[in-house]
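Structural features, examined
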Amino acid sequence: MIIKKGIGANIGIAIGKAYLVKEDSVLIEKLDLPKDRIKPEIKRFKEAIAKTKEELNVIREQILNSLGKNHAKLIDAHHMILMDPLITKEVPEHIATFSVNAEFALSEKISATIKKFENIEDPFFAERKNEIMDVAKRIMANLSNETKMEIKDLKEPSIIVAHNIYPSDTLQIRKSDKVMAFCMDMGSKSSHTAIFAQSIGIPAVVGLGDISRIIKQGDMLIVNGEDGTVTINPLPEMIEAAKAKMAELKKKESYLLKMKNLTTATRDSRKINLMVNLDPQDDLSEFKKNNTDGVGLFRTEFLYMNRNSIPNEQEQYEIYKKVLSCEPKLPVTIRTADIGADKASNIGIKGIKNEENPFMGFRGIRLFLKYPDLMKTQIKAILRAAYETQAQIMLPMVTSIGELITSKKIISEAKNELLSQGLEFKSDIPVGIMVEVPAAALMLDQFLNEIDFVSIGTNDLVQYLLAVDRVNQYVSELYDPYHPSVIRVLNLIIQTAHKKGKKVSVCGEMASDTYGCAALITLGADSLSVPLKMHLKVKEFIRNSSYEKLISLRQRLLNISDSQEITEIFKGI
């Protein structure tokens, strides 16, 4: 029996067997082949080339339809590499000469070629090197005949254990009814994976360091999202105690369900605007039942995940229409896709590569302004779906007034195109920005004349303010949403916006936390937006609070010198 302490990413307790998700291996094994295996091996390699060519044809067509001819030409370069003698001639010769497997022969020839480019500074050759590696990866993937067990293939209820959980994994977890909970080495309470756990309502513990190396496939686990512990092969009495705690939590859940139709107001009758964060995978029927004040954040990046194509205008329109038709009289803030280079390269946008630190890289509005047709496609779909609704558009990762002006120009162009097509759309749609970068917070007064509202993304704002990567296991404990600097910057944003008569909402993880919710109301946030599964819990907290008491604590809150003082300030509110 071992107990590992991590960070409780989402409340709840689960008891079950471990399903260990292994990291993909990059080691290419050399196999010495007998002479009678040489010809079949060369044939296998040529079949992989043919399959790769088919894939490139499909991607080229997708890019042609969504981004135009100029971007489609980038795939033509990959076709040329695929037909280059390096691939078609030298690799088969290496297989025959050295009697080795195709994977090893390809790896050897590609490595030798890449080395020739290492000392050449010309950008043309640098780009060609990257393109060769891309093509080689595609061929290597098609050479592999291994059938990898995936989360979606689970046959029995299990607890996922992993070093890290990636976007493609989260989509599989969402679609599976066999995932009871998950725990992982990486992450913090505000990491994307933790937020995902909250959105689907399953127990999760992150930041465990080395749990993926300690746990064996099939080990019995207790995952406690309440106290952030994972118990490996627990004693019988520990399992019984966990079951009793689970029963208590179920009673609490039943109590919260009774609050669905009650108003979100404090004890002294102050209405607090409490909205929810949604994404295209969420259950809209549950959203309707919860009696929320609207959608403070509709994430659209999930539309770009787990696929090798760009969602077209009609596909996006249908998804936005679905959520907007659900509650047409409620406000819905649709955030343009906050995708980074990792996802963009997967869906066929070439010329950009995976980044070491995508959180501070080529993402959000930066990527969309580089590929304006991509942004325009999404904007047109939103505008059409928003007709006769309370929808509004939010732009992520804005850092300069220039980015905002250019974005508004693209929105204007999208409106003109829809007008010329004779299509109905919301012409007066409000446009706001997500303040999640310190530069935007400090320059907010310059933005306010160009926008209709402000939304604070506390998750990224905190990590950028404190220089703490919230998924880095070595520093994640330094991620502190109650750091005095964070409180002061939040106050600066809210007060600056209010002076210009602009509303401020908060859609980060901080709004879901008891003290975070209290702090944001104290500072004057106009609305809070939380994961759907956290809505009733936050509503309960608000209904048990005194608005007058919270407001009276504002100066004390702004004068804190240490985040530990938060507990003392909000005790007994």
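Please refer to the structure placed before this passage.
So, here is what we can say about the structure in this document. Since we're looking at a predicted model, the values are computed, not measured.

Some remarks on the sheet that holds strand β16 (residues 527-531)
- Spatial strand order, β9-β10-β11-β12-β13-β14-β15-β16: eight strands in a closed barrel with parallel pairing. Across the sheet, the mean angle separating the axes of adjacent strands is 30° when strand polarity is ignored.
- One ladder, built from two bridges, connects strand β15 (residues 503-506) with β16; its direction is parallel. Its bridge partner being in β16, Val 506 is matched across the sheet by Leu 528.
- Set on the sheet, helix α14 (residues 372-385) makes contact with β11 (331-335) and β12 (390-395); between it and β12 the angle comes to about 165°.

Structural notes on the sheet that holds strand β2 (residues 7-10)
- Here we have eight strands laid out as an open sheet, ordered β1-β8-β7-β3-β4-β5-β6-β2, and mixed in their pairing. At either end of the open sheet lies a strand with only one pairing partner, and these are β1 (2-5) and β2. Put simply, the sheet's adjacent strands are angled 30° from each other on average, direction ignored.
- Across the face of the sheet, helix α9 (residues 236-257) comes into contact with β1, β3 (13-21), β7 (220-224) and β8 (229-232) while running at roughly 115° to β3.

Describing the pattern of salt bridges
- Overall, the coordinates contain 18 salt bridges when judged by the stated rule.
- A salt bridge links Glu 41 to Arg 44; its shortest N-O distance comes to 2.7 Å. On the criterion of helical spacing, the pair formed by Glu 41 and Arg 44 is a turn pair, its members being three residues apart in helix α1 (residues 38-66).
- The exposure class assigned to Glu 41 is buried, which follows from its relative accessible area of 4%.
- Residue Arg 44 is classed as partly exposed on the basis of its relative accessible area, which comes to 22%.
- Notably, a salt bridge pairs Glu 90 with Lys 109, separated by 3.5 Å at the nearest N-O pair. Placement of the pair is Glu 90 in helix α3 (residues 85-98) and Lys 109 in helix α4 (residues 102-117), with a sequence separation of 19 residues.

Let's talk about the layout of surface pockets
- A volume near 980 Å³ is recorded for the second largest pocket.
- In this structure, the second largest pocket is lined by 34 residues; those nearest its centre are Ile 11, Leu 249, Glu 253, Leu 256 and Lys 533.
- Counting only elements with at least two residues in the lining of the second largest pocket, the list comes to β3, α9, α20 (514-523) and α21 (535-543).
- The element that contributes the greatest number of residues to the lining of the second largest pocket is α9, accounting for seven residues.

As for the side chain of Glu 301
- Positionally, Glu 301 belongs in the loop between β10 (295-298) and α11 (313-326).
- Look past the residues within four positions of Glu 301 in its chain and what remains in contact with it is Arg 335, Thr 336, Ala 337, Asp 338 and Ile 339.

What about the nonpolar core?
- In this structure, Leu 278, Leu 444, Val 454, Ile 493, Leu 528 and Phe 570 are the most contacted members of the largest nonpolar core, which totals 94 residues.
- Contacts of Leu 278, omitting those with residues within four sequence positions, involve Leu 284, Phe 287, Val 295, Leu 297, Phe 298, Arg 299, Val 323 and Leu 532.
- Core analysis: the next-biggest nonpolar cluster, separate from the first, contains 27 residues, Ile 81, Leu 86, Ile 95 and Ile 132 among them.

Overview of α11
- Taking 1.5 Å of rise per residue, 14 residues should cover 20 Å, and α11 covers 20 Å from first to last C-alpha, within 8% of that figure.
- Among the residues of α11, those classed as buried are Glu 313, Gln 316, Tyr 317, Tyr 320, Val 323, Leu 324 and Cys 326.
- At the N-terminal boundary of α11, the capping side chain belongs to Asn 312, with an oxygen 3.2 Å from the backbone nitrogen of Gln 314.

A look at the packing of aromatic side chains
- Summed over all chains, the structure comprises one aromatic pair.
- Geometry around Tyr 317 places Arg 384 over its ring, the cationic atom sitting 4.2 Å from the centre.

Considerations on α3
- If you check α3, its first and last C-alpha atoms are 18 Å apart, about what 14 residues at 1.5 Å a residue would give, namely 20 Å.
- Listed as buried for α3 are Leu 86, Ile 87, Val 91, Pro 92, His 94 and Ile 95.
- Looking at where α3 begins, the residue whose side-chain oxygen comes 2.8 Å from the main-chain nitrogen of Leu 86 is Asp 84.
- Taken from the residues just after α3, Ser 99 is the one with a positive phi, measuring 55°.

Comments concerning the pairing of β10
- In this sheet, β10 lies alongside strand β9 (residues 273-278) in parallel orientation, the contact comprising three bridges. Looking at β10, one finds that Val 276 is bridged to Val 295.
- The parallel pair β9 and β10 is bridged by helix α10 (residues 284-289), and the resulting crossover is right-handed.
- Inspection of the sheet shows β10 paired to β11 by two bridges, in the parallel sense.

Examining the pairing of strand β14 (residues 453-456)
- Of the two faces of β14, the one carrying Phe 453 and Ser 455 and the one carrying Val 454 and Ile 456 are both buried.
- Examined bridge by bridge, strand β13 (residues 431-435) and β14 share four bridges and lie parallel to one another. Within the sheet, the bridge partner assigned to Val 435 lies in β14 and is Ile 456.
- In this sheet, β15 lies alongside β14 in parallel orientation, the contact comprising four bridges. What sits directly across from Phe 453, in β15, is Lys 503.

So, the packing of α9 against α21
- Running from N to C, α9 and α21 cross one another at 75°; their axes reach a closest spacing of 10 Å. Classed by the angle they form, the pair α9 and α21 counts as roughly perpendicular. Between α9 and α21, the contacting residues are Lys 252, Tyr 255, Leu 256 and Leu 257 on the first element and Leu 536, Lys 537 and Glu 540 on the second.
- Taken together, the residues that form the contact of α9 with α21 break down as four nonpolar, no polar and three charged.

What about unusual backbone geometry?
- Its identity as a non-glycine residue notwithstanding, Ser 269 has a phi of 65°, on the positive side.
- Structurally, Ser 269 can be placed in the loop between α9 and β9.
- Positive phi outside glycine occurs at Glu 388, with the angle close to 60°.
- In this fold, Glu 388 is placed in the loop between α14 and β12.
- By relative accessible area, which is 65% here, Glu 388 ends up exposed.

Observations concerning the packing of α20 against α21
- Two elements in contact, α20 and α21, have axes whose closest approach is 10 Å; the angle formed by their N-to-C orientations is 55°. Relative to α21, the element α20 lies oblique. Between α20 and α21 lies a crossing whose hand is right-handed. Residues Thr 514, Cys 517, Ala 518 and Ile 521 of α20 form the contact with α21, whose participating residues are Val 538, Phe 541 and Ile 542.
- Tallied by class, residues from the contact of α20 with α21 come to six nonpolar, one polar and no charged.

Parameters and conventions
Residues numbered from 1 in each chain as written. Predicted model: local features only at pLDDT ≥ 70, side-chain atom pairs only at ≥ 80, totals over all residues. Heavy atoms only, no water. Pairing = 2+ DSSP bridges. Helix = DSSP H or I, 4+ residues; strand = E, 2+ residues; numbered from the N terminus. Axes fitted to C-alpha atoms, helices over the stretch in contact; angles between N-to-C directions. Contact = heavy atoms within 4.5 Å. Salt bridge = Lys/Arg side-chain N within 4 Å of Asp/Glu carboxyl O. Buried < 20%, exposed > 50% of the residue type's maximum accessible area, 1.4 Å probe, protein only. 1 Å grid on protein atoms, 1.4 Å probe; cavity = no way out; pocket = protein on both sides within 12 Å on 5 of 7 lines; lining within 4 Å. Points joined across faces, edges and corners; volume = space filled by probe spheres on them. Core = buried A, V, L, I, M, F, W, Y, C linked by side-chain atoms within 4.5 Å. Expected span 1.5 Å × (residues − 1). Polar contact = N/O pair within 3.5 Å; in protein donor to acceptor, adjacent residues only side chain to side chain. Phe/Tyr/Trp six-rings, centres within 6.5 Å; stacked < 30°, edge-to-face > 60°. Lys NZ or Arg CZ within 6 Å of the ring centre and 35° of its normal. Right-handed = clockwise from strand over helix to strand, strands pointing away. Parallel < 35°, antiparallel > 145°, perpendicular 65-115°, else oblique. Nonpolar A, V, L, I, M, F, W, Y, C, P; charged D, E, K, R; others polar. Left-handed = near helix turned anticlockwise from the far one by under 90°.

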